[in-house]
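What follows is the residue order along each chain.
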Amino acid sequence: MIRLDLHFELHYRIESPHGDFVFNIQPAHTAAQRVLQESVVLAPDVPWRSDTIASTRNRLLRVHAPQGDFHLTYAASVTIEHHIGDPAAIDECPVARLPAACLGYLA
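A. Spotlight on the overall build of the chain. Scanning the chain from N- to C-terminus turns up one helix and four strands. Ordered by position from N to C terminus, the α and β elements of the chain give β-β-β-β-α. Rg of the C-alpha trace for the chain: 18 Å, well past the compact-globule value of 13 Å for 107 residues, more than 25% over. By the burial criterion, 25% of the 107 residues in the chain qualify as buried. Within the chain, contacts between residues separated by at least 24 positions form 75% of all contacts whose residues are at least 6 apart in sequence. In the form shown here, the chain has an accessible surface area of approximately 7,800 Å², with 57% of it arising from carbon and sulfur atoms. Within the chain, one finds 8 positive and 12 negative side-chain charges whose respective centroids are separated by 6 Å.

B. Region of interest: the side chain of Ser77. Secondary-structure assignment places Ser77 in strand S4 (residues 59-80). Once you skip the residues sitting within four places of it in the chain, Ser77 turns out to touch Arg3, Leu4, Asp5, Arg34, Val35, Leu36 and Gln37.

C. Seen up close, the pattern of salt bridges. Counting across every chain of the model gives six salt bridges. One salt bridge connects Arg13 with Asp69, and the closest N-O pair in it is separated by 3.3 Å. One end of the pair, Arg13, is in strand S1 (residues 2-26); the other, Asp69, is in strand S4, with 56 residues separating them in the sequence. Looking at Arg13, the relative accessible area reads 53%, which means it is exposed. Of the charged contacts in the structure, one is a salt bridge between Arg49 and Asp51, with a shortest N-O distance of 3.1 Å.

Conventions used here
Residues numbered from 1 in each chain as written. Predicted model: local features only at pLDDT ≥ 70, side-chain atom pairs only at ≥ 80, totals over all residues. Heavy atoms only, no water. Helix = DSSP H or I, 4+ residues; strand = E, 2+ residues; numbered from the N terminus. Rg over C-alpha atoms; globule rule 2.2 N^0.38 Å. Buried < 20%, exposed > 50% of the residue type's maximum accessible area, 1.4 Å probe, protein only. Contact = heavy atoms within 4.5 Å. Areas by Shrake-Rupley, 256 points an atom, 1.4 Å probe, with all protein chains shown as cover. Lys, Arg positive; Asp, Glu negative; His and termini not counted. Charge placed at Lys NZ, Arg CZ, Asp CG, Glu CD. Salt bridge = Lys/Arg side-chain N within 4 Å of Asp/Glu carboxyl O.

What follows is the structure, given as structure tokens:
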């Protein structure tokens, strides 16, 4: 098992009356990845929400911030259980035969 401690600080200056943000910084909740703790601190303190994309389990943090300085601080601790397979047991697959569901992870 691997444990990751994340910390992000993002700073913006919003010149228009408001700014809408969609951040893709939150770790996904999956069978192999567990979010032990996380915190979101916004200045100014405005409401936020987290949406999960069902197909990928990616989490999007959405914020509607007012004009002026805007700061986001995000911290989390995550554990990841890696699957370790025998490379000799993995068959090679030509790119032309890859399932369409895999292609999004190759870009």
